[in-house]
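Spelled out, the chains give:
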Amino acid sequence: MSNPTRGQSALRLALGSISMIFLVAIMLLGHVDSEKALGRAPVHSTNLCDQRGFQPSRTIAGLKPTARMHLAVRAEGGMRTRRIIRKKVADDTPKLSLKERLALKAEKLKETQRMEDEEIAAQQDETKLKIKPRAPVVTIMGHVDHGKTTLIDYLRKSKVASGEAGGITQAVGAYQVKTGRGLITFLDTPGHEAFSNMRERGAKVTDIVVLVVAADDGPKEQTIESINQAQKAGVPIVVALSKMDKPEANAEGVKQQLMKYDIMPEEWGGDNLISEISGKSGEGVEDLLDNILLQAEILDCMAPIDGQVKGIVVESRMDRYRGPITTLLVQSGTLKKGQVILAGAEYGKVRNLLSTEEKQIKSAGPSTPVEVLGLSGCTKSGDLVLGFKNEKEAKSISSKRQKDNTQVQRNVNELDPKALFAALNKKSHDVSYIVRADTHGSLEALELLLENMNNKWINIRTLSSGVGPIGPSEIEMAAISNAIVVGFNVEPNSAADKIMREKDVISVHGPVIYDILDRLKVETLEKVELPDIEEFRGKANVKQIFQGKKRNLVAGCEVVQGKMQVDTKMEVVRKGQVIHEGTINSLRVVKDEVDEVEENNDCGILVEGFRDLKPGDEIRSIAMVQPKVYDP
């Protein structure tokens, strides 16, 4: 008998696998007895889960509804019963709010589109492309006010810091710097805590991270976050110890602190190159550039200069005169004027290409940051950019994505009718906001800032958010819902400003993120009515009891903790139980009336309306105060 062919063997194997899967599925669904199927003792779903360490309710919850409807659970006595563990399944299933479900759906759509982009990009045969060296992409990261912008300022020989609101970076800037050994592309990320997502994206698109740490301050919260993001992305870190011109600078001490976060200087046997610099004087900057280029040589940065254009969106904004402007970083291929590109859900012909010096250019190769005019709308930071030969194909993909995104975006980023209804019927601790920003990255940071303002005292509701100016519709909505309008790098236009004054709408806007935060805290607290809370001030032990006027008692006490204060709530405590509550209306030291008595001093406390006071009792002083909602 001849041997079966390879195709026949594969077919038999596939049929056998399908049969086994079908058999197991029928057994689990309870349509046949396991004894008849395999000739062995019945397999109970509960016992099977116990053996495998699974929770029955979670296992059942993971099945499709039709499978759950037919699942048979055997009782201990062996009797087959049909039932669904509905209550347990419901208890084990996390309940998400509408906004959380919509945000999850939006994230899934984004992931699907990203995979589509990767599939389109993967169709190109890169083996036939011209591969050439490219400039390293370097992201500058670190804590706010540690000297990142001053460093870039020196590198570009222009006053970046003086042009930035508050002297801090609040958007991702992209620049190219010429050195004696070649070009370096820099991405400057914001250091304020609200911009953590921007820093994370910066770490993902870069070859090298330059971590700027002030030598007079050491690693701070955003420094540590930047280290973690770079390490997570697997990107090498070059450290720039800034502000070395200050007398308080302590380079060796900062290096020791950085070792706690796995940053080991090369001179101490580690892998991290460290330069000591001053952004103001330029001291050590050449050494930093040498270290960057040395690290780039190790990485061997290469990219194809022809073929399909690929890149990534750094930032996007809406200009009232020129329309959507997208800052992108070309990663492979050469982007040319007139080329069709797709970025996320937006497409268009490149109408204009601007360099980082805002000069018109005809093309941009790998590692080149450029501003692009011509896309159909504002894209999101981190969106993949792909070049197309066929405008019809790009438009088709864009239209499909915009259709998929429309409903989710309307509910997540625009007006939420339920939130508006809740705002109209708000409780005393609810505060509503309408948010606008100049770019998607700034909007994201502003929304995170508002989310972090939520606590047990204040409930923040975002009725609407988006990129663009503050117009009359935002002011009208705020007037109806008693909301605060928040704008980052955008202001109300003249029509909106007029309505805002007429209807007494509060608007907090400006170019500096921490100024906006401080003003928001003040305006938010003025919007709410918070109940007073008890604040412990002190306690005193009763030593003696004296008869006072009008049948009241005077307790001779020693203050043992804190201080006793007049006009605070009084609690008399005996054996851990509060036996009387009143008000401390009078405090005496010897014969003098006083407002308060500090710890380790004796005093007399008037106790009104309570005759059962005894030596050994404890009297507490408790003030009624407004809660401290936000730290100063």
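Residues numbered from 1 in each chain as written. Predicted model: local features only at pLDDT ≥ 70, side-chain atom pairs only at ≥ 80, totals over all residues. Heavy atoms only, no water.

Q: I keep staring at the overall build of the chain and nothing clicks. Help me out?
A: A count of helical and extended segments in the chain gives 19 helices and 32 strands. The buried share of the chain, reckoned over its 632 residues, is 46%. Pairs at least 24 apart in sequence give 69% of the contacts found in the chain among residues at least 6 apart. Here the chain has roughly 34100 Å² of accessible surface; of this, 51% comes from carbon and sulfur atoms. (Helix = DSSP H or I, 4+ residues; strand = E, 2+ residues; numbered from the N terminus. Buried < 20%, exposed > 50% of the residue type's maximum accessible area, 1.4 Å probe, protein only. Contact = heavy atoms within 4.5 Å. Areas by Shrake-Rupley, 256 points an atom, 1.4 Å probe, with all protein chains shown as cover.)

Q: What is the right way to look at the nonpolar core in this model?
A: Side chains of nonpolar character tend, in soluble globular proteins, to be buried together. Among the nonpolar cores identified, the biggest contains 24 residues, and Tyr433, Met453, Ile458 and Leu520 are the most heavily contacted of them. Elements with a minimum of two residues in this core: strand E20 (430-437), helix H16 (440-452), strand E22 (484-488) and helix H19 (513-527). Contacts of Met453, omitting those with residues within four sequence positions, involve Tyr433, Ile458, Ile460, Leu517, Leu520, Lys521, Thr524 and Tyr630. Among the nonpolar cores identified, the runner-up in size contains 22 residues, and Ile184, Val210, Leu273 and Ala296 belong to it. (Core = buried A, V, L, I, M, F, W, Y, C linked by side-chain atoms within 4.5 Å.)

Q: Mind showing me how you'd approach the side chain of Asp617 here?
A: Residue placement: Asp617 occurs in the loop between strand E31 (602-607) and strand E32 (618-625). What makes Asp617 buried here is its relative accessible area of 2%. Setting aside residues no more than four positions away along its own chain, Asp617 makes contact with Ala540, Asn541, Val542, Val572, Val573, Arg574, Ile579 and Asp612.

Q: Any chance you could explain the sheet that holds strand E15 (residues 346-349) here in plain terms?
A: Pairing between the strands of a sheet comes from backbone hydrogen bonds, and it takes one of two forms, parallel or antiparallel. The seven strands lie next to each other as E15-E14-E19-E11-E12-E18-E16, forming an open sheet whose pairing is antiparallel. Edge positions in the open sheet fall to E15 and strand E16 (352-354), since each of these has one partner strand only. Sheet twist, expressed as the average angle between the axes of neighbouring strands with direction ignored, equals 35°. With four bridges connecting them, strand E14 (residues 340-343) and E15 associate as antiparallel partners. By the bridge assignment, Leu342 is partnered in E15 with Tyr347. (Pairing = 2+ DSSP bridges. Axes fitted to C-alpha atoms, helices over the stretch in contact; angles between N-to-C directions.)

Q: Which parts of the structure should I look at to understand the pairing of strand E21 (residues 459-467)?
A: Strand residues, when the strand is regular, have side chains that alternate between the two faces of the sheet. Pairing of E20 with E21, which is carried by eight bridges, proceeds in the parallel orientation. Note on E21: the bridge partner recorded for Arg436 is Gly466. Assessed by its sense of winding, the connection that carries the chain from E20 through H16 to E21 is right-handed. (Right-handed = clockwise from strand over helix to strand, strands pointing away.)

Q: Just to check I follow, could you spell out helix H18 (residues 494-502) for this structure?
A: Think of an α-helix as 3.6 residues a turn; residues three or four steps apart then line up on the same face. Turning to H18, its buried residues are Ala496, Ile499 and Met500. In a view along the axis of H18, the buried residues occupy a sector of 105°, so they form one face of it. Opposite the buried face of H18, by more than 90 degrees, sit the exposed residues Ser494, Lys498, Arg501 and Glu502. Each element contacted by the buried residues of H18 is listed here: helix H17 (472-481) and strand E23 (507-510). Looking one or two residues beyond H18, the residue adopting positive phi is Asp504, at roughly 55°. (Arc of directions from axis to C-beta.)

Q: Got a minute to help me understand the packing of H17 against H18 in this structure?
A: Pairs of packed helices are described in terms of their axes, by the angle between the two and the distance that separates them. Orientation of H17 relative to H18, taken along the N-to-C sense of each, is 20°, at an axis distance of 8 Å. Regarding the angle of H17 to H18, the classification is roughly parallel. Between H17 and H18 lies a crossing whose hand is right-handed. Taken together, the residues of H18 that come into contact with H17 (itself represented by Pro472, Ile475 and Glu476) are Ala495, Ala496, Ile499 and Met500. (Parallel < 35°, antiparallel > 145°, perpendicular 65-115°, else oblique. Left-handed = near helix turned anticlockwise from the far one by under 90°.)

Q: Quick question: what am I supposed to make of unusual backbone geometry here?
A: For residues other than glycine, phi is negative in most cases, and the peptide bonds are mostly trans. One non-glycine residue, Asn489, lies in positive phi territory at about 65°. One non-glycine residue, Val590, lies in positive phi territory at about 60°. When you line up the elements, Val590 lands in the loop between strand E28 (587-589) and strand E29 (592-593). Residue Val590 is classed as exposed on the basis of its relative accessible area, which comes to 77%.

Q: I'm lost on the packing of H16 against H19 in this one. Help?
A: With their axes 11 Å apart at the nearest point, H16 and H19 run at an angle of 35° to one another. Crossing hand, H16 versus H19: right-handed. When H16 is examined against H19, the residues Leu446, Leu449 and Leu450 are found in contact with a partner set consisting of Ile513, Ile516, Leu517 and Leu520. When its residues are assigned to classes, the contact of H16 with H19 shows seven nonpolar, no polar and no charged. (Nonpolar A, V, L, I, M, F, W, Y, C, P; charged D, E, K, R; others polar.)

Q: Would you mind going over helix H13 (residues 285-299) with me for this structure?
A: Along its 15 residues, H13 runs 21 Å from first to last C-alpha, staying within 8% of the 21 Å computed at 1.5 Å per residue. Looking only at H13, the buried set comprises Val285, Leu288, Leu289, Asn291, Ile292, Leu293, Gln295 and Ala296. (Expected span 1.5 Å × (residues − 1).)

Q: In this structure, what is going on with the sheet that holds E20? I would like to understand it.
A: Strand order in the open sheet formed by four strands is E21-E20-E22-E23, and the pairing between neighbours is parallel. Bordering the open sheet on either side are E21 and E23, each of which pairs with just one other strand. Shown here is a sheet whose adjacent strand axes are inclined to one another by a mean of 20°, direction ignored. Two strands pair when backbone bridges link them, and E20 and E22 are joined in this way by five bridges, in the parallel orientation. In the sheet register, Ala437 faces E22, and the bridge partner there is Phe488. Packed onto the sheet, H19 meets E20, E22 and E23 and runs at close to 175° relative to E22.

Q: Looking at this structure, how should I read the pairing of strand E8 (residues 237-242)?
A: Counting buried positions over the six residues of E8 gives six, a clear majority of the element. Residues of E8 alternate between two faces, with Ile237, Val239 and Leu241 on one and Val238, Ala240 and Ser242 on the opposite face, all of them buried. Where strand E7 (residues 208-214) and E8 come together, six bridges link them in parallel fashion. Across the sheet, Val209 pairs through a bridge with Ile237, a residue of E8. Handedness of the crossover joining E7 and E8 through helix H11 (residues 221-233) is recorded here as right-handed. Bridge count between E8 and strand E9 (residues 274-276): three bridges; the pairing is parallel. Within the sheet, the bridge partner assigned to Val239 lies in E9 and is Ile274. Tracing the backbone out of E8, into helix H12 (residues 251-258) and back to the parallel element E9 gives a crossover that is right-handed.

Q: Got a minute to help me understand the environment of Leu373 in this structure?
A: Tracing the backbone shows Leu373 in strand E18 (residues 369-373). What Leu373 contacts, discounting residues up to four positions off in sequence, is Arg322, Pro324, Ile325, Lys349, Val350, Arg351, Asn352 and Leu354.

Q: Sorry if this is basic, but what is going on with the pattern of salt bridges here?
A: Close approach of charged atoms lets side chains of opposite charge pair. Taken as a whole, this structure holds 23 salt bridges when the rule is applied. Between Lys569 and Glu571 there is a salt bridge, and its shortest N-O distance comes to 3.6 Å. With respect to burial, Lys569 and Glu571 carry one shared label: buried. Across the salt bridge formed by Glu571 and Arg620, the nearest N and O atoms sit 3.9 Å from each other. With Glu571 in strand E26 (residues 569-574) and Arg620 in strand E32, this pair connects stretches of sequence that are 49 residues apart. Using a relative accessible area of 8% as the deciding quantity, one classes Glu571 as buried. (Salt bridge = Lys/Arg side-chain N within 4 Å of Asp/Glu carboxyl O.)

What is shown is where atoms sit, not what they do.
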